[in-house]
Amino acid sequence: MENNENLNVSTALLACGESVPGLREPKYAPGAEVAEPEREAYSADPSDRSISSLSSSFSSMFHPLSSSSSSSRGSVLSLSPPLPPSVELSAIMTDTRLTLDVYLGGAAALPLVWGYDPDHLRGIKYLRLGSEGKPGLDAALDVLPHMTGLHSLTIRGHRFYDSRGDPLPGLLTSLPGSMSNLSHLKHVDLSFNQLTFMPSCLLQLPVLSTLLLCHNHISALPPDLGQLSSLTYLSLMGNKLVSVPPSVGQLKALQRLDVSHNVLQQLPDEIGFLGELVKLELSHNKLKQLPDSMGSLVSLRELVIYSNEFRVIPKCLNELPLLTMDVRDNPLGKPPTPPPLPPVPDHPKIQKLHLGSNKHSFFVSSAGRHVFLPGGAELTFPPGCLMTTTKFTWGEKRPNRKWVWLEEHDILLSRPLELCPHGVTFLKPVEVCVPYHRTKRGEVVLRTFDGQTWSTLPTELRRGSEEHCCYPGGRPARLACSFVSHFSWFMAVSRPVRDTCSVTPAGALLVSSSNPGIKLHFPPDATAQTRTITLQVLQVSEFEVQALCGDPQARVSPLLCLSQTPVSQFLQPVKVQIPLPPGISGHEADVSQLHVLHGDPAAQTWTDITSQVSLYVTHLYAIFYITHFSWYWLWYTTQRCVSGVVRKVYQRLKQFKVQFLVLQRKTDPAQVLLQCLPANKMEGRVQSLSEQYDGPHPSDLCDLLEGEQFFAGFERGLDIVTDRPDCVEGRLCFVFYSSLKNVKEVYVCSAQGQKGPVRGQVSFYRGEIPSNLPEEVAKRRKGLDTQWLATLPLRLPALNSDNSFNLEELQYPLLNLGDPESGYLTEANLLSISLQIGRDWRVIGINLGLSYEELDRIQYKHRDNLGALVLDMLFHWARGQRNAGPGSVSRLVAAMTESGRRDLAEEIEDIVSLGRRKYTESLKRVGLEAESSSVGEAQQ
């Protein structure tokens with residue numbers, strides 16, 4: 001028996017083309033311990049272990065495979081190597097299943113198992129192998145044709161990863177022809193390997209129903225592919241196919257076909273013969289049209305064609321009412337692409353320029369330049385865009401409600417970037433890239449301002465250069481880029497995805513890229529002239545709607561925003577198809593509770609037009625007809641006054657749930673940070689500030705619109721200096737933008753006459769009521785002031801000589817520069833300026849006249865705190881100006897200009913101008929101006 005057993009193993013090994021040196025015959029007797037042969041060292045790389053090296057590890061051990069084998073054997077197979085020593089045969093094999101792809105190089109164990117118990121292996125139905133080790137895989141392929149009971153075979157790569165985290169590739173390049181003997185094989189998965197063609201043996205498998213050849217290198221399919229008459233699922237995703245053979249039409253049982261991520265340019269007409277096809281995936285190819293025969297695919301329910309080159313959808317698909325399509329990233333409705341321009345001779349690589357935060361100007365010559373601005377923005381001037389060397393300036397502006405233009409449902413994602421001079425014209429387009437904050441809703445576009453109106457530019461999104469990260473070690477900024485012919489203001493905005501097409505008298509079909517179930521069918525003769533149609537889809541949360549309207553049964557479909565140019569009614573009704581609300585089926589729903597609402601964006605009204613649009617439903621969709629474009633919303637609700645409910649819900653959906661934050665710096669309680677953020681961002685913000693700031697918990701939830709103005713008022717013994725442009729009637733002015741920081745820092749002090757600790761508060765109030773603010777929201781405001789939002793406590797402690805700041809200095813005359821007649825800056829003004837200086841502090845200090853010794857002392861004192869360093873430098877200089885006579889403000893403006901911070905110089909001039917105007921007004925109130933004028937005339 002011993003000789004026969006060893007002979008079986010040796011034969012199996014020799015059949016794989018390997019020798020069996022040193023194979024020792026086990027010596028054992030009943031009741032005696034089994035002697036284990038010597039083993040070779042275990043190799044970490046399975047590709048280095050041949051079957052000959054594995055043969056020396058074969059030995060007799062314990063725990064036989066089954067009771068029948070235990071009577072005939074006194075030992076079992078050792079699987080180490082290639083498997084770890086702790087793995088026993090029972091861990092990888094059951095009566096019908098053998099799993100060898102969970103261990104690196106596990107395929108090499110198949111010949112060992114075959115030599116040990118071939119009868120059992122012939123009855124295995126399910127086999128899984130990894131293909132990352134070439135010698136072991138080749139040996140396993142020699143055994144496969146003998147496993148005639150197989151129903152499912154998986155040989156996949158990408159099962160393991162190397163030390164860098166990259167998946168190990170599969171090394172399978174072909175299958176032995178004798179595998180055609182596996183007549184019971186139904187499922188084959190050979191994904192993530194090196195196949196360059198479909199193995200011919202697969203075409204001889206009579207019952208094969210599932211074939212997965214994903215992510216190989218197959219460039220062509222065999223012409224006799226139709227022999228696989230039992231095939232129901234075929235996946236060739238991620239190969240190099242340029243065409244599909246006509247014989248695909250013979251796969252009469254095929255239900256799902258996936259040829260996505262190839263380079264297909266056309267499909268054969270025979271694909272229309274696949275009468276059982278339910279899902280067809282064609283995404284990420286180079287298809288420009290589909291065969292008309294696809295109108296015969298009556299079973300087709302899902303067609304995925306995104307990321308191709310379709311400009312029109314075949315009319316034949318209109319005959320498939322239950323079909324849903326994903327058509328994203330196709331140039332639908334756009335004119336044909338013009339022929340490529342002649343090749344342009346290569347230009348030398350343009351020079352790169354990285355600007356520091358203190359550099360707000362730069363020069364560009366006719367040779368071009370790639371300019372990197374602080375914060376992540378990039379400007380690319382191609383060679384030849386300018387005739388002569390030109391000076392440019394840049395600056396980031398705080399968003400101003402008077403000229404930041406946002407459409408309905410828009411979100412501002414960046415601060416406006418101003419590029420000057422505005423009037424310069426480029427000979428070639430210049431690329432402007434604006435960094436923007438991440439968004440999960442809609443699409444990102446770049447807008448520009450021409451001095452009167454904002455317009456949207458064609459926008460491309462990409463990451464910035466690796467060498468220009470905003471933060472050390474961080475990822476490059478997200479950029480919204482566009483080519484422009486002149487400079488102006490630019491900003492990034494998020495809006496609902498916009499789909500457009502041109503409608504001619506011949507008709508058209510427009511499918512939403514964000515929801516392929518939404519379609520607009522324009523019949524022939526619907527228009528006498530070509531029109532440009534725009535479709536936007538706004539997804540709405542079912543739970544928000546139910547909470548706002550108080551109806552737990554309420555359901556809504558996506559909101560459709562339709563527009564056209566020119567604006568006029570259609571000559572024929574336009575068919576609108578929209579998915580039924582979630583959870584609603586056309587065969588079971590009460591149609592009387594379905595309502596089509598028409599919205600007027602200008603009047604902010606909603607009207608129930610169900611009876612006017614011929615509404616009918618299928619199992620999945622609602623279909624109605626319209627003759628003019630506006631907003632349309634499908635509701636399912638039990639409430640009667642639908643129009644009023646919809647108006648309230650829509651207004652509330654536009655508002656953001658926000659919280660307010662009031663914190664004091666630990667090292668200086670008089671320095672206060674105020675911020676307003678959406679509620680989902682507040683927790684992370686509080687944690688990031690906790691090391692440097694103290695204060696009460698954030699406020700309760702409040703509602704604000706994007707771009708809505710609000711104010712912060714300091715009350716109950718607290719005060720701030722009001723001579724700053726963002727103060728209105730003693731309140732600090734903000735504008736809320738959900739993706740921006742909405743933060744300011746100010747100095748507070750005790751109100752006039754207050755002594756000792758002050759237990760004050762900061763209250764937040766709305767500014768002007770926006771025209772689109774719902775009336776019922778404004779009516780329900782709390783407190784005496786109907787515009788009140790929230791109040792947070794703010795305690796200013798009593799100060800003594802041990803504190804870091806002096807109460808007397810804050811409570812009495814503040815640290816001012818200049819004089820009221822020529823203009824002055826207060827301590828709060830200086831704080832606001834210091835927060836914007838940043839790392840330019842040293843060059844500004846030098847231009848202010850501070851000595852290197854003074855700057856070095858300040859830097860050493862605050863070497864771990866940039867904010868305190870800047871404050872100390874600026875206030876040290878300001879205190880030295882008390883006895884320096886007039887002109888201190890002018891000296892500060894000049895220093896900012898010389899340091900390249902023209903933005904701060906302009907801000908100081910604005911503050912001084914405001915103070916000078918207030919001083920003049922105060923003279924008028926007390927009659928001093930007239931008196932001084934008369935004195936001047938008498939002197940003349």
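Residues numbered from 1 in each chain as written. Predicted model: local features only at pLDDT ≥ 70, side-chain atom pairs only at ≥ 80, totals over all residues. Heavy atoms only, no water.

The subject of this paragraph is the overall build of the protein. Looking only at helices and strands, the protein has 19 helices and 49 strands in total. Evaluated residue by residue, the protein yields a buried proportion of 50% over its 940 residues. Surface accessibility of the protein: about 44600 Å² in total, with carbon and sulfur atoms responsible for 51%. (Helix = DSSP H or I, 4+ residues; strand = E, 2+ residues; numbered from the N terminus. Buried < 20%, exposed > 50% of the residue type's maximum accessible area, 1.4 Å probe, protein only. Areas by Shrake-Rupley, 256 points an atom, 1.4 Å probe, with all protein chains shown as cover.)

Attention now goes to the nonpolar core. For soluble globular proteins, the rule of thumb is that nonpolar side chains tend to be buried together. Among the nonpolar cores identified, the biggest contains 90 residues, and Phe362, Leu373, Phe381, Phe660, Leu674 and Phe764 are the most heavily contacted of them. Counting residues per element, this core draws most heavily on helix α16 (residues 866-879), which supplies eight residues. Apart from residues lying up to four places away in sequence, Phe660 is in contact with Gln675, Cys676, Met682, Pro698, Ser699, Cys702, Leu704, Phe710, Phe764, Leu789, Ala790 and Leu792. (Core = buried A, V, L, I, M, F, W, Y, C linked by side-chain atoms within 4.5 Å. Contact = heavy atoms within 4.5 Å.)

What is meant by a disulfide is a covalent connection between two cysteines, made through their sulfur atoms. Per the counting criterion, the structure on display carries one disulfide. Covalent S-S linkage joins Cys433 and Cys481, the inter-sulfur distance amounting to 2.3 Å. With the S-S bond torsion at 120°, the cross-link from Cys433 to Cys481 turns out right-handed. With a gap of 48 residues between them, Cys433 in strand β18 (residues 425-435) and Cys481 in strand β22 (residues 478-486) connect regions that are remote in the sequence. For Cys481, a relative accessible area of 2% gives the class buried. (Disulfide = S-S within 2.5 Å.)

Now for the packing of aromatic side chains. With the rule as written, the count across this model stands at 25 aromatic pairs. Within the aromatic cluster, the residues linked to one another by ring pairs are Phe362, Phe381, Phe392, Phe426 and Phe487. One residue, Arg531, lies across the ring of Phe570, its end atom 4.3 Å from the ring centre. The ring of Phe734 has Lys744 sitting right over it, with the charged end atom 4.9 Å from the ring centre. (Phe/Tyr/Trp six-rings, centres within 6.5 Å; stacked < 30°, edge-to-face > 60°. Lys NZ or Arg CZ within 6 Å of the ring centre and 35° of its normal.)

Attention shifts here to the side chain of Arg901. Following the sequence through the fold, Arg901 ends up in the loop between α17 (888-898) and α18 (902-926). A polar atom in the side chain of Arg901 sits 3.1 Å from the side chain of Asp903. Setting aside chain neighbours within four positions, we find Arg901 in contact with Ser357, Asn358, His360, Gln836, Ile837, Asp840, Ile844 and Met896. (Polar contact = N/O pair within 3.5 Å; in protein donor to acceptor, adjacent residues only side chain to side chain.)

On to the sheet that holds β22. With mixed pairing, six strands are arranged side by side in an open sheet as β11-β13-β14-β18-β22-β21. Strands with a single pairing partner mark the edges of an open sheet, and in this sheet they are β11 (352-354) and β21 (460-463). Averaged over neighbouring strand pairs, the angle between their axes works out to 25° when direction is ignored. Pairing analysis gives three bridges linking strand β14 (residues 378-381) to β18, with the strands arranged antiparallel. Its bridge partner being in β18, Glu378 is matched across the sheet by Cys433. (Pairing = 2+ DSSP bridges. Axes fitted to C-alpha atoms, helices over the stretch in contact; angles between N-to-C directions.)

Following the criterion strictly, the structure yields 24 salt bridges and no others. As a salt-bridge pair, Arg156 and Asp189 come within 2.9 Å of each other at their nearest N and O atoms. One end of the pair, Arg156, is in strand β3 (residues 152-156); the other, Asp189, is in strand β4 (residues 187-189), with 33 residues separating them in the sequence. Here Glu542 ties to Arg555 by a salt bridge, and the two come within 3.4 Å at their closest N and O atoms. You can see Glu542 sitting in helix α8 (residues 542-549) and its partner Arg555 sitting in strand β28 (residues 555-556), a full 13 residues away along the chain. Given a relative accessible area of 19%, Arg555 falls into the buried group. Members of the salt-bridge network, linked through shared partners, are Arg256, Lys279, Glu281 and Glu302. (Salt bridge = Lys/Arg side-chain N within 4 Å of Asp/Glu carboxyl O.)

All right, on to helix α9 (residues 642-653) then. With 12 residues, α9 should reach 16 Å at 1.5 Å per residue; the first-to-last C-alpha distance of 16 Å fits that figure. Taken together, the buried positions of α9 are Val642, Val645, Val646, Val649, Tyr650 and Gln651. Those residues of α9 that are buried are in contact with α8, β29 (559-565), β31 (594-600), β32 (605-608), β35 (631-636) and β36 (655-665). (Expected span 1.5 Å × (residues − 1).)

Here strand β13 (residues 369-372) shows no split at all, with Arg369 and Val371 on one side and His370 and Phe372 on the other all buried. Two elements, β11 and β13, share three bridges in a ladder whose sense is parallel. Counted as the bridge partner of Leu353 is Val371 from β13. Where β13 and β14 come together, four bridges link them in antiparallel fashion. Directly across from Val371, in β14, lies its bridge partner Leu379. What sits between β13 and β14 in their antiparallel hairpin is a turn of five residues, with Gly375 showing a positive phi close to 95°.

Here we take up the side chain of His521. With respect to the helices and strands, His521 occurs in strand β26 (residues 519-522). For His521, a relative accessible area of 15% corresponds to the buried category. Excluding residues that lie within four positions of it along the chain, His521 makes contacts with Asn318, Ala508, Leu509, Val574 and Lys575.

Here we come to the environment of Val617. Topologically, Val617 is positioned in strand β33 (residues 616-617). Separated by 28 residues in sequence, Val617 and Ala589 place their C-alpha atoms 9.7 Å apart. Those residues within four positions of Val617 in sequence are excluded, and the remaining contacts are Leu580, Gly586, Val591, Leu594 and Ala622.

For α17, the set of buried residues is Ser888, Val889, Leu892, Val893, Ala895 and Met896. The buried residues of α17 occupy an angular sector of 160° when the element is viewed end-on, so they sit on one face. Exposed residues pointing more than 90 degrees away from the buried face of α17 are listed as Ser890 and Glu898. Positive backbone phi, approximately 80°, marks Gly900, located one or two places after α17. (Arc of directions from axis to C-beta.)

Strand order across the open sheet formed by 10 strands is β1-β2-β3-β4-β5-β6-β7-β8-β9-β10, with parallel pairing between neighbours. In this open sheet, the two strands that pair with only one neighbour each are β1 (97-100) and β10 (324-326). Neighbouring strand axes in the sheet, compared pairwise and without regard to direction, differ in orientation by 5° on average. Across four bridges, the pairing between β1 and strand β2 (residues 126-130) is parallel. Counted as the bridge partner of Arg97 is Tyr126 from β2.

Attention shifts here to the confidence of the model for the protein. Counting all residues, the mean pLDDT for the protein is 79, and 80% of those residues have values of 70 or more. Within the model, pLDDT remains below 50 along residues 769-774, and this stretch shows 12 contacts once partners closer than five positions in the same chain are excluded. Segment residues 776-785: pLDDT under 50, and 16 contacts once partners within four positions in sequence are set aside and those in other chains are kept. (pLDDT = per-residue confidence, 0-100.)

This part is about the packing of α8 against α9. At a minimum axis distance of 10 Å, the contact between α8 and α9 shows a crossing angle of 120°. As far as their axial angle goes, α9 and α8 are oblique. As for how α8 packs across α9, the hand of that crossing is right-handed. Judged by residue contacts, Glu544, Val545, Leu548 and Cys549 of α8 engage Val645, Val649, Arg652 and Leu653 from α9. (Parallel < 35°, antiparallel > 145°, perpendicular 65-115°, else oblique. Left-handed = near helix turned anticlockwise from the far one by under 90°.)

Here we take up the packing of helix α15 (residues 852-861) against α16. Where α15 meets α16, the closest approach of the two axes is 9 Å, and the angle between their N-to-C directions is 145°. Note that α15 runs across α16; the crossing there is right-handed. For the pair α15 and α16, the contacting residues are Glu854, Leu855, Arg857, Ile858, Gln859 and Lys861 in the first and Leu869, Asp872, Met873 and His876 in the second. Within the contact of α15 with α16, the residues separate by chemical class into four nonpolar, two polar and four charged. (Nonpolar A, V, L, I, M, F, W, Y, C, P; charged D, E, K, R; others polar.)

Along the polypeptide, His151 turns up in the loop between α7 (134-143) and β3. Given the relative accessible area of 22%, His151 is considered partly exposed. With 35 residues separating them along the chain, His151 and Lys186 place their C-alpha atoms 5.3 Å apart. Here His151 is in contact with Lys125, His184, Leu185, Lys186 and His187, once residues within four sequence places are set aside.

The next point concerns the environment of Val893. Along the polypeptide, Val893 turns up in helix α17. The class of Val893 is buried, set by a relative accessible area of 12%. Distance in space between the C-alpha atoms of Val893 and Ile908 is 6.9 Å, their sequence separation being 15 residues. If we ignore the near neighbours within four places in the chain, the residues touching Val893 are Ala905, Ile908 and Glu909.

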